[in-house]
Amino acid sequence: MPNEKITAYKTGARVRTEAIATPSGERYYISEKTKEGILLTELTANGATTNQIYRKTDSDPETVLAEYVCTGREFAVEQREKYTPVRINAACEACGESALQRELDTLNIEDMRDVPALPMLLCTSCNAKSYFITKEYIRNISDSNIGMFTEEELSLRERDKEAFINAIWEHVIRIFASKKINRIKLEG
C-alpha cells in the first residue's frame, strides 16, 4: 500500500478522494474548507461516516487531506467542475426513497462556522432529516475530544471503554428519538 497513488478531485472548497483500501476496509475522505478551518471526514464505501476531524487552520483542503491519508504515497488532485455528493446506500425511513445525502453536501461549506458533531443526512425527495452513526465514529470522536467529558465519564472510559462507548451510543439514540429524527439502516 505505501507506493499506492491516491487520486482526489477538487471542486470549490471540497476535495474528495477515490476509494482507498485500508486495514479497516475501503474508505474515502473529504476535506472541506469552512469559514474558520478544515473539516476532514472519513467514510465507508456505503456512506457511513467513521471519523470527522475539524481543524481551525488557514491551510488549504488539499494539504490537510494529503497530511492525513498520504503518508508514503503519491497524491494527485484533479480539478472538477461539479462536486459528486456522497452516496448513502440506504432508503429514507420517512418516504422510502433512496435519495439520502450528507446534509453538509447540500450546504455552502465555505460559509459555515460551526460544524455539527454528528453527521446528519437529508432526503432530497421529502426533506426529512435522519442520521447514521457507527460505534467506530463514537470511538474516534471520543478519542480525539477528551476535553468534552466529565471526570466521572473519563473514569468510566478508563475502567471499561466499551461500556463508555455504549453509554454515549445510547445517549445519542435517545436524543435523536426525542427529536423524532430517524436512524437509517445502511445496506452493504
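As a reminder, the structure under discussion sits directly above these lines.
Source: prediction; values computed, not measured.

Engineer: Sorry, what's going on with the nonpolar core here?
Structural biologist: Side chains of nonpolar character tend, in soluble globular proteins, to be buried together. By size, the foremost hydrophobic cluster in this structure holds 17 residues, and its most contacted members are Val86, Ile88, Ala90, Leu100, Phe132, Ile184 and Leu186. Elements supplying a minimum of two residues to this core: strand S4 (25-33) and strand S9 (120-123). If near-sequence neighbours (up to four positions away) are discounted, Val86 is found in contact with Arg16, Tyr28, Ile30, Leu43, Gly47, Leu100, Gln101, Arg102 and Asp105. Within the second largest apolar cluster, 14 residues are counted, among which are Tyr131, Tyr137, Ile168 and Val172.

Engineer: Please clarify how the layout of surface pockets should be interpreted in this entry.
Structural biologist: A water-sized probe, rolled over the atoms, reveals where empty space remains. Estimates place the volume of the largest pocket at around 350 Å³. Residue lining of the largest pocket: 15 residues in total, with Ala117, Leu118, Met148, Ile168 and Val172 positioned closest to the centre. At the level of elements, helix H2 (135-144) and helix H4 (161-178) are the ones that each hand at least two residues to the lining of the largest pocket. Counting residues per element, the lining of the largest pocket draws most heavily on H4, which supplies 5 residues. Residues belonging to the lining of the largest pocket are distributed by class as follows: 12 nonpolar, 2 polar and 1 charged. Taken as a whole, the second largest pocket spans an internal volume of roughly 270 Å³. The wall of the second largest pocket is formed by Leu39, Gln52, Ile53, Tyr54, Val115, Pro116, Ala117, Tyr137, Ile141, Ser144, Asn145 and Met148. Secondary-structure elements contributing two or more residues to the lining of the second largest pocket are strand S6 (49-55) and H2. Here the lining of the second largest pocket is built from residues that sort into 9 nonpolar, 3 polar and no charged.

Engineer: How should empty space enclosed by the protein be read in this particular structure?
Structural biologist: Inspection of the entire model under this criterion finds 1 cavity of 30 Å³ or more. Estimates place the volume of the largest cavity at around 80 Å³. Around the largest cavity, the lining residues are Leu43, Gly47, Ala48, Thr49, Ile88, Arg102, Pro119, Leu121, Phe132, Ile184 and Leu186. Considered class by class, the residues forming the lining of the largest cavity number 8 nonpolar, 2 polar and 1 charged.

Engineer: Explanation requested: the pairing of S6 in the structure shown.
Structural biologist: Taken residue by residue, a regular strand's side chains alternate between the two faces of the sheet. In the sheet, strand S5 (residues 38-44) pairs with S6 via 6 bridges, with the strands oriented antiparallel. Within S6, the residue paired with Thr41 across the bridge is Gln52. Counting the residues that bridge the hairpin from S5 to S6 gives 4 residues, and of these Gly47 lies at a positive phi of roughly 100°.

Engineer: Sorry if this is basic, but what is going on with the environment of Ile138 here?
Structural biologist: Along the chain, the position of Ile138 falls in helix H2. If we ignore the near neighbours within four places in the chain, the residues touching Ile138 are Ile133, Ile165, Ile168 and Trp169.

Engineer: Whenever I open this one, the state of the cysteines confuses me. Can you help?
Structural biologist: By definition, a disulfide links the sulfur atoms of two cysteine residues through a covalent bond. Tallied over the full model, the rule gives 0 disulfides. The thiol sulfur of Cys123 is not disulfide-bonded, and the nearest other cysteine sulfur, from Cys95, lies at 3.7 Å. The cysteine Cys126 is free of any disulfide, with Cys95 supplying the nearest cysteine sulfur at 3.8 Å.

Engineer: Even after reading the chapter, I still don't get the pairing of S9, so can you show me in this structure?
Structural biologist: Burial along S9 is two-sided: the face carrying Met120 and Leu122 and the face carrying Leu121 and Cys123 are both buried. Judged from the 3 bridges that link them, strand S8 (residues 100-102) and S9 form a sheet pairing that is antiparallel. In the sheet register, Leu100 faces S9, and the bridge partner there is Cys123. Note that S9 and strand S10 (residues 129-131) share 3 bridges and pair antiparallel. Residue pairing in the sheet places Met120 in a bridge with Tyr131 of S10.

Rules behind the numbers
Residues numbered from 1 in each chain as written. Predicted model: local features only at pLDDT ≥ 70, side-chain atom pairs only at ≥ 80, totals over all residues. Heavy atoms only, no water. Core = buried A, V, L, I, M, F, W, Y, C linked by side-chain atoms within 4.5 Å. Buried < 20%, exposed > 50% of the residue type's maximum accessible area, 1.4 Å probe, protein only. Helix = DSSP H or I, 4+ residues; strand = E, 2+ residues; numbered from the N terminus. Contact = heavy atoms within 4.5 Å. 1 Å grid on protein atoms, 1.4 Å probe; cavity = no way out; pocket = protein on both sides within 12 Å on 5 of 7 lines; lining within 4 Å. Points joined across faces, edges and corners; volume = space filled by probe spheres on them. Nonpolar A, V, L, I, M, F, W, Y, C, P; charged D, E, K, R; others polar. Pairing = 2+ DSSP bridges. Disulfide = S-S within 2.5 Å.

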